[in-house]
Amino acid sequence: MTLLSAEPWDLTLRSGDKVLTGTVRNADDADPLTKAMWLTVAAKAALTKILPAVVIETPLDGDRPPSAAKGQTPADGNAPPGTSSAPSPAGSPLSAATSAPRAVLQFLWELNVGSASYGEPNEKHQEKTDCLRLVLGVERLVGVHCCYDPAWSLQLLRSAAPSVEQLSVWYLRQAHMLAVHAMPRLRRLWLSHYMEPRSLELGELPQQGNGEGLEWLKVYGLPRPTTRSVLQAHAHSLQELVLFVGTAGEQQWPRSCSDLHSLLEQCGLRALRRVVLERGGASSRCSHGRAGCDQQRGEVRRVLHGAEVLCSKCHHRRARPYCRL
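Cut-offs and rules
- Residues numbered from 1 in each chain as written.
- Predicted model: local features only at pLDDT ≥ 70, side-chain atom pairs only at ≥ 80, totals over all residues.
- Heavy atoms only, no water.
- Salt bridge = Lys/Arg side-chain N within 4 Å of Asp/Glu carboxyl O.
- Helix = DSSP H or I, 4+ residues; strand = E, 2+ residues; numbered from the N terminus.
- Buried < 20%, exposed > 50% of the residue type's maximum accessible area, 1.4 Å probe, protein only.
- Disulfide = S-S within 2.5 Å.
- pLDDT = per-residue confidence, 0-100.
- Contact = heavy atoms within 4.5 Å.
- Core = buried A, V, L, I, M, F, W, Y, C linked by side-chain atoms within 4.5 Å.

Caption draft 1: The arrangement of the pattern of salt bridges in detail. Summed over all chains, the structure comprises 11 salt bridges. A salt bridge links E240 to R273; the shortest N-O distance between them is 3.7 Å. Residue E240 is located in strand β9 (residues 240–244), and its partner R273 is located in the loop between α10 (260–266) and β10 (274–278); the two are separated by 33 residues in the primary sequence. On the basis of relative accessibility, which here comes to 42%, the residue R273 falls in the partly exposed class.

As structure tokens, then:
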């Protein structure tokens, strides 16, 4: 009777490395075929009632991203989501989870792969193997750093693609960006390149279809052409944008920008209702002055037809909640 209740059920089917996901909605006057399907599932699948979501946290070890290793601080002055400078304690949650019953592991909602993704190709083999198994069916995937083991991180993104809805990913290469763009259910995305010299130039990305596309996007340090390509591809669906960018100044993009309104106007962001201009922390060296900020926000507001435009420095308390994945 539980399956026949008038509420939607998220359905995940797995066979080997293949994963199919979808949602079945029961109406009050349920279709006879739907009832028959649920009765068949109940009789044949030997279902077990367990908790619908298990969050796996994998604290980082003492490793640091490339910019920090060179004595630099990330552009926004903050650590990536799911990272920590503290060493991983013995018996980490990931280790404990891998020994848990398989039925529980199949219902993960969130997976933090920060620790595993900090390993070079010849490091952390077991942890990476565990992550590739655990990622199937997850809806929230955080801490994906692509620069240390590009092949493994690409495989991870492709494995998560059918189900993931929220994602944070760092130091992408072109193949990773294309894999992210192909995720059909992705709605919230944090992209960061930390303005490293690695190139991430992309051509024009294909437009997402109806019912697909990002609703929330946070961008740090992507090249300007790549930023434009991503925004254009999701112009029909994107509602909130958090963009690390400075006001007019003498630095290069994105620490200084004198024509942000022109860039955003080119993207055709017809669904956008809020923009947060992230200025970064004290170490970001991002151009910012109150007069220049007021001018920039006014120009952006005019081309976005009245969307709310906030500055992380001038409107710290109001803007902060919108900056979280």
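Caption draft 2: Seen up close, the state of the cysteines. Under the definition given, this model contains 0 disulfides. C257 forms no disulfide, and the closest cysteine sulfur to it belongs to C286, at a distance of 9.9 Å. Looking at C311, it has no disulfide partner, and the nearest cysteine sulfur is the one in C293, 3.7 Å off. What makes C311 buried here is its relative accessible area of 0%.

Caption draft 3: Representation of the confidence of the model for the protein chain in the model. For the protein chain, the mean per-residue pLDDT works out to 78, and 66% of the residues sit at or above 70. Considering each helix and strand of the protein chain separately, the mean pLDDT is smallest for helix α4 (residues 102–105), with a value of 40, and largest for β10, with 97. This stretch, residues 48–77, has a pLDDT under 50; its non-local contacts, to residues over four places away or in other chains, come to 85 contacts. In the predicted structure, residues 83–106 sits below a pLDDT of 50 and forms 37 contacts with residues beyond four places in sequence or in another chain.

Caption draft 4: Broad picture of the environment of V180. Inspection of the secondary structure puts V180 in helix α8 (residues 174–181). On the basis of relative accessibility, which here comes to 3%, the residue V180 falls in the buried class. Sequence spacing of V180 and L167 is 13 residues, and the spatial spacing of their C-alpha atoms is 8.8 Å. Those residues within four positions of V180 in sequence are excluded, and the remaining contacts are L157, L167, V169, L172, L186 and L189.

Caption draft 5: Here's a closer look at the environment of G114. Position of G114 relative to the elements: it lies in helix α5 (residues 114–117). With relative accessibility at 0%, the residue G114 sits in the buried group. As a C-alpha pair, G114 and V144 span 30 residues in sequence and 6.0 Å in three-dimensional space.

Caption draft 6: Structural detail: the nonpolar core. Judged by nonpolar contacts, the single largest core of 56 residues is most densely connected at L141, L167, V180 and L217. Looking at this core, the element that brings in the most residues is helix α7 (residues 150–160), giving 5 residues. Counting residues in hydrophobic clusters, the runner-up holds 17 residues, among them V142, W170, F244 and L325.

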